[in-house]
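Chain by chain, the residues:
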Amino acid sequence: MHEQQLPEPMVPEDCDLADFAFMPLDVARLRDSDLAANETPEACWAAVLLWSAAWHQVPAGSMPDNDAWIAKQAGYALRGRIDPKWKRVREGAMHGWVLCSDGRYHHPVVAEKARDAWASKLMQRWRTECARIKKHNDRHGTAVGRPSYEEWISLGRPAGQPLPLPGDKGSCPEGQGGAVPGDSHPGPDGQGPHVPDETHSKRQGEGQGQGQGHPMYSVPDGTGGSPARLTDPGEIIFGYGLSMLVNAGTADKAARSFLGGLRKAHGDAVLIDKLRECAKARPLQPLEWLAAALPPPSIAGAARGPQANNKHSAAYAAIVED
């Protein structure tokens, strides 16, 4: 007899609402719910605390399958011990929570609110990226194409990647064309609006791009330019690599130090190859992925002497910890 299959998670695995200080509360829905009607005030209060704790988990709206952690978030644990009263309120506090296939508890109502908030967050990121492209076009006289919301999602939600300038020739480096490193996983399905064009005259000349890749990374017909080509290793590493790390949550200063350390330790060619592999793999934490793929060169360091090797390893570890 096969074990009962657990349901799929209710929110995307990279749904992160840590910067959302407020959680929507449907007051009528809560007032008329079975929770409010059938459970004790203590259980209801513990339930609200669990919703609040889950809101800032990743993925948002979920909790780990760990009773000690859950009891603590509900206010029934002190100094590492679970309050005996937790047994009396646990069932009511856990009303509606479902254990899913990712090994975490999900709540359908909290997940619904989390998906809505995540979609609004992605929409704002897309609008910000389109505004950046428009500003670039206005400043440099280019006509770089702006993606629709669906196209932006399908490309991995890129942000901050280098944009072509007048006179650029060729194409983006192999493996960097349409899969510019950005956030690691596509967001929720759904239809998103296209960027509204300002005027009819501006719509002219902002056609689809020519050649390989998405128009976002190329110069449209009639502009006299060609798709951008990045040949400087530093531009590739600190353009695409920095964007990939920062979009995954690494601080800009820490990301620059980390990439600089990898560049010194392994060289430009090796690092660029690993950045391409990382972009294709789309890990949730690209910094950890790169740290594992490019460990400190202990063999080379040993050849220079143990003191040099220890110094490098310590610096490398400090960068990763940041």
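Located above this text is the structure these notes cover.
The notes below deal with the structure included here. (Residues numbered from 1 in each chain as written. Predicted model: local features only at pLDDT ≥ 70, side-chain atom pairs only at ≥ 80, totals over all residues. Heavy atoms only, no water.)

Time to look at the packing of helix H3 (residues 41-55) against helix H5 (residues 86-93). Running from amino to carboxyl end, H3 crosses H5 at an angle of 65°, the nearest separation of the two axes being 8 Å. Note that H3 runs across H5; the crossing there is right-handed. Residues Glu 42, Ala 43, Ala 46, Ala 47 and Leu 50 of H3 form the contact with H5, whose participating residues are Val 89, Gly 92 and Ala 93. A class-by-class count of the residues in the contact of H3 with H5 yields 6 nonpolar, 1 polar and 1 charged. (Axes fitted to C-alpha atoms, helices over the stretch in contact; angles between N-to-C directions. Helix = DSSP H or I, 4+ residues; strand = E, 2+ residues; numbered from the N terminus. Left-handed = near helix turned anticlockwise from the far one by under 90°. Contact = heavy atoms within 4.5 Å. Nonpolar A, V, L, I, M, F, W, Y, C, P; charged D, E, K, R; others polar.)

Glancing now at the nonpolar core. Judged by nonpolar contacts, the single largest core of 36 residues is most densely connected at Leu 17, Leu 50, Met 63, Trp 86 and Trp 97. Looking at this core, the elements with two or more residues in it are H3, helix H4 (67-73), H5, helix H6 (108-140) and helix H7 (149-154). In terms of residue count, the dominant contributor to this core is H6 (9 residues). Beyond its immediate sequence surroundings of up to four residues, Trp 97 is in contact with Leu 50, Trp 51, Ala 54, Gly 61, Ser 62, Met 63, Tyr 105, His 106 and His 107. If you look at the next biggest cluster of nonpolar residues, it comprises 18 residues, including Met 244, Leu 259, Leu 262 and Leu 271. (Core = buried A, V, L, I, M, F, W, Y, C linked by side-chain atoms within 4.5 Å. Buried < 20%, exposed > 50% of the residue type's maximum accessible area, 1.4 Å probe, protein only.)

The topology assignment puts Ser 62 in strand S1 (residues 62-64). Within polar-contact distance, the side chain of Ser 62 engages the backbone oxygen of Pro 59 at 2.6 Å. At 2.8 Å, the side chain of Ser 62 and the side chain of Arg 104 are in polar contact. Ignoring anything within four residues of it in the chain, the contact list for Ser 62 reads Ala 54, Gln 57, Trp 97, Arg 104, Tyr 105 and His 106. (Polar contact = N/O pair within 3.5 Å; in protein donor to acceptor, adjacent residues only side chain to side chain.)

With the rule as written, the count across this model stands at 3 aromatic pairs. Relative to Trp 86, the ring of Tyr 76 lies with its centre 5.7 Å away and its plane at 40°, an arrangement referred to as tilted. With Tyr 76 in the loop between H4 and strand S2 (77-78) and Trp 86 in helix H5, the pair connects residues that are 10 residues apart, well separated along the chain. Take Tyr 76 and Trp 86: they sit in the same class, and that class is buried. Ring geometry for Tyr 149 against Trp 152: centres 6.3 Å apart, planes inclined by 40°, an arrangement best described as tilted. In this pair, Tyr 149 and Trp 152 both sit in helix H7, 3 residues apart, roughly one turn of the helix. (Phe/Tyr/Trp six-rings, centres within 6.5 Å; stacked < 30°, edge-to-face > 60°.)

What follows is about the environment of Pro 295. Mapping Pro 295 onto the fold places it in the loop between helix H12 (286-293) and helix H13 (298-304). A relative accessible area of 41% places Pro 295 in the partly exposed class. Counting along the chain gives 30 residues from Pro 295 to Ala 265, while the straight-line C-alpha distance between them is 9.1 Å.

This next bit is on the sheet that holds strand S5 (residues 104-106). The sheet built from 3 strands is open, its strands ordered S1-S5-S4 with antiparallel pairing. Looking at the sheet topology across the chains shown, the edges are occupied by S1 and strand S4 (98-99). (Pairing = 2+ DSSP bridges.)

The next subject is helix H11 (residues 268-281). Under the 1.5 Å per step criterion, the end-to-end length of H11 is 20 Å for 14 residues, consistent within 8% with the ideal 20 Å. Among the residues making up H11, those that are buried are Leu 271, Ile 272, Leu 275, Cys 278 and Ala 279. The buried residues of H11 occupy an angular sector of 120° when the element is viewed end-on, so they sit on one face. For H11, the exposed residues lying more than 90 degrees away from the buried face are Ala 269 and Lys 280. Buried residues belonging to H11 abut helix H9 (233-247), helix H10 (252-266) and H12. Note on H11: the residue one or two positions beyond its end, Arg 282, has a positive phi of about 50°. (Expected span 1.5 Å × (residues − 1). Arc of directions from axis to C-beta.)

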